[in-house]
Amino acid sequence: MKPILSPAGLPVKDGFVVIDARGHRCPVPTLKLRRQMEQADNQIGVILWANDPMAQIDVPHFCNQNNYVLLSTEAVDEDWVFTIARAGR
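Calculation notes
Residues numbered from 1 in each chain as written. Predicted model: local features only at pLDDT ≥ 70, side-chain atom pairs only at ≥ 80, totals over all residues. Heavy atoms only, no water. Core = buried A, V, L, I, M, F, W, Y, C linked by side-chain atoms within 4.5 Å. Buried < 20%, exposed > 50% of the residue type's maximum accessible area, 1.4 Å probe, protein only. Helix = DSSP H or I, 4+ residues; strand = E, 2+ residues; numbered from the N terminus. Contact = heavy atoms within 4.5 Å. Pairing = 2+ DSSP bridges. Salt bridge = Lys/Arg side-chain N within 4 Å of Asp/Glu carboxyl O.

### Topic: the nonpolar core
Turning to step 1, where the next piece is worked out: With 14 residues, the main nonpolar core has Leu33, Leu48, Val59, Phe82 and Ile84 as its most contacted residues.
Turning to step 2, where the next piece is worked out: Among the elements of the structure, α1 (28-39), β3 (45-50), α2 (55-66) and β5 (79-86) are those that each provide at least two residues to this core.
Turning to step 3, where the next piece is worked out: The dominant element in this core, judged by the number of residues it contributes, is α2, at four residues.
Turning to step 4, where the next piece is worked out: Here valine 59 is in contact with Thr30, Leu33, Leu48, Leu70, Phe82 and Ile84, once residues within four sequence places are set aside.
Turning to step 5, where the next piece is worked out: If you look at the next biggest cluster of nonpolar residues, it comprises five residues, including Phe16, Val18, Ile47 and Trp49.

### What about the pairing of strand β2 (residues 16-20)?
Turning to step 1, where the next piece is worked out: Counting buried positions along β2 yields five of five residues, so the element is predominantly enclosed.
Turning to step 2, where the next piece is worked out: Note: β2 against β3, five bridges, orientation parallel. The partner of valine 17 across the bridge, within β3, is valine 46.

### Focus: the pattern of salt bridges
Turning to step 1, where the next piece is worked out: Counted under the stated rule, the structure contains four salt bridges.
Turning to step 2, where the next piece is worked out: Across the pair arginine 22 and aspartate 79 runs a salt bridge whose closest N-O atoms are separated by 3.3 Å. Here aspartate 79 lies in strand β5 and arginine 22 lies in the loop between β2 and α1, a separation of 57 residues in the sequence.
Turning to step 3, where the next piece is worked out: By relative accessible area, which is 22% here, arginine 22 ends up partly exposed.
Turning to step 4, where the next piece is worked out: The class of aspartate 79 is buried, set by a relative accessible area of 13%.
Turning to step 5, where the next piece is worked out: Across the pair aspartate 52 and arginine 25 runs a salt bridge, and its minimum N-O distance is 4.0 Å. Of this pair, aspartate 52 sits in the loop between β3 and α2 while arginine 25 sits in the loop between β2 and α1; the two residues are 27 residues apart in sequence, bridging distant segments of the chain.
Turning to step 6, where the next piece is worked out: The exposure class assigned to aspartate 52 is buried, which follows from its relative accessible area of 5%.
Turning to step 7, where the next piece is worked out: Owing to a relative accessible area of 47%, arginine 25 belongs among the partly exposed residues under this scheme.
Turning to step 8, where the next piece is worked out: The network of salt bridges with shared partners includes Asp20, Arg22 and Asp79.

Shown next, in the form of structure tokens:
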């Protein structure tokens, strides 16, 4: 399953990019998050969808280590939805 940026049907917030990393195992969801956060300067943040249980540990740790703000973590069915923003936005 290939991750999709801004997939149809997933909720989107202005200024946020949606990454669908469902079906990928550690460390792929966090690597996709890192790549997107480093890539686009004009975005506020990322909404990351993942279903790997390790993402619950990896994503908050990644945010703490890289000065990003984990705005929310939400369980939706068997998926995790992380909303991550750049610090100071």
